[in-house]
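Descriptive analysis of the structure
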Amino acid sequence: MSFKIKDCALVAIATDYRAQNLSELRSCLIDVPPASIYYHFWGGLLRPRFDDPEYNNDFSVWAYRSLHDVVLAERLAIVDPTEFSSLESLRADLVEIIEDRLDESGWIGWAPAQTAFHFLRSQIVVFDTHRRVESPQELLKVLPSLSGASIFYHFIDARRRMPLGTDDFRAWISGLGEEFNPLCDDLASVDPYFMSLISLREQLVEVFMRHVGGGDA
């Protein structure tokens, strides 16, 4: 069974939701489509980002830059979306963090009109690269040359697409025999959120090297 290597682009689409203060952000978060929450957590991996590397999602960046609320920004920055079983449970946690901050400070914080938070939603466009591999050893050989968007599609977006929340690599490898179970276990332990796509690709190469680096394709 061949593994089909694909590439992707995450397209940002405007919504009607906009927030200028923390109270409005909370209200919007309650109602926005799940694809918007997904975009504002994961979309940054596919966009060039040159500052605020410690703030890993668009909500924390906005809290820091526009509301100048460092406490809230830091609380939002440590939220790891991979720890939630669904986007709805992630949404509930975000709302709770913001409500707690509103209760603590008694200040809703206002951003200038030009820096209001505009909620976007994501739509993924998938491209077939027409590259195929027949074994984990062959996949190891091509992994270093895969684009960041390809890594995103197969290792990150797959967890949203697949019924069991697995990635495409594990879904394929698990059907090749029990001898690859340790490789699947190591792949499952990789948290892709707090790293760049380049770093993620390097870590995946290391995982594959440990398990199939000495084998023949």
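Residues numbered from 1 in each chain as written. Predicted model: local features only at pLDDT ≥ 70, side-chain atom pairs only at ≥ 80, totals over all residues. Heavy atoms only, no water.

Overview of the packing of helix α3 (residues 58-65) against helix α4 (residues 70-77)
- Two elements in contact, α3 and α4, have axes separated by 8 Å at closest approach and are oriented at 170°. Between α3 and α4, the interaxial angle falls into the category roughly antiparallel. Together, F59, S60, A63 and Y64 of α3 and V70, L72, A73, L76 and A77 of α4 make up the contact between the two elements.
- Split by residue class, the contact of α3 with α4 holds eight nonpolar, one polar and no charged. (Axes fitted to C-alpha atoms, helices over the stretch in contact; angles between N-to-C directions. Helix = DSSP H or I, 4+ residues; strand = E, 2+ residues; numbered from the N terminus. Parallel < 35°, antiparallel > 145°, perpendicular 65-115°, else oblique. Contact = heavy atoms within 4.5 Å. Nonpolar A, V, L, I, M, F, W, Y, C, P; charged D, E, K, R; others polar.)

Overview of unusual backbone geometry
- Here the phi dihedral of H68 falls at roughly 55°; this positive angle occurs in a residue that is not glycine.
- As for its position among the elements, H68 is in the loop between α3 and α4.
- Residues other than glycine seldom take positive phi values, yet H130 does so here, at roughly 65°.
- By the secondary structure assignment, H130 is in strand β2 (residues 117-133).
- A residue is classified by how much of its surface remains accessible, and H130, at 64% relative accessible area, is exposed. (Buried < 20%, exposed > 50% of the residue type's maximum accessible area, 1.4 Å probe, protein only.)

Observations concerning the packing of aromatic side chains
- Per the stated rule, a full pass over the model turns up 13 aromatic pairs.
- On the numbers, 5.5 Å between centres and 40° between planes, the contact of F3 with F169 is tilted. In this pair, F3 sits in strand β1 (residues 3-19) while F169 sits in helix α8 (residues 168-173), placing the two residues 166 residues apart along the sequence. Here the two residues F3 and F169 agree in accessibility, since each one is buried. (Phe/Tyr/Trp six-rings, centres within 6.5 Å; stacked < 30°, edge-to-face > 60°.)

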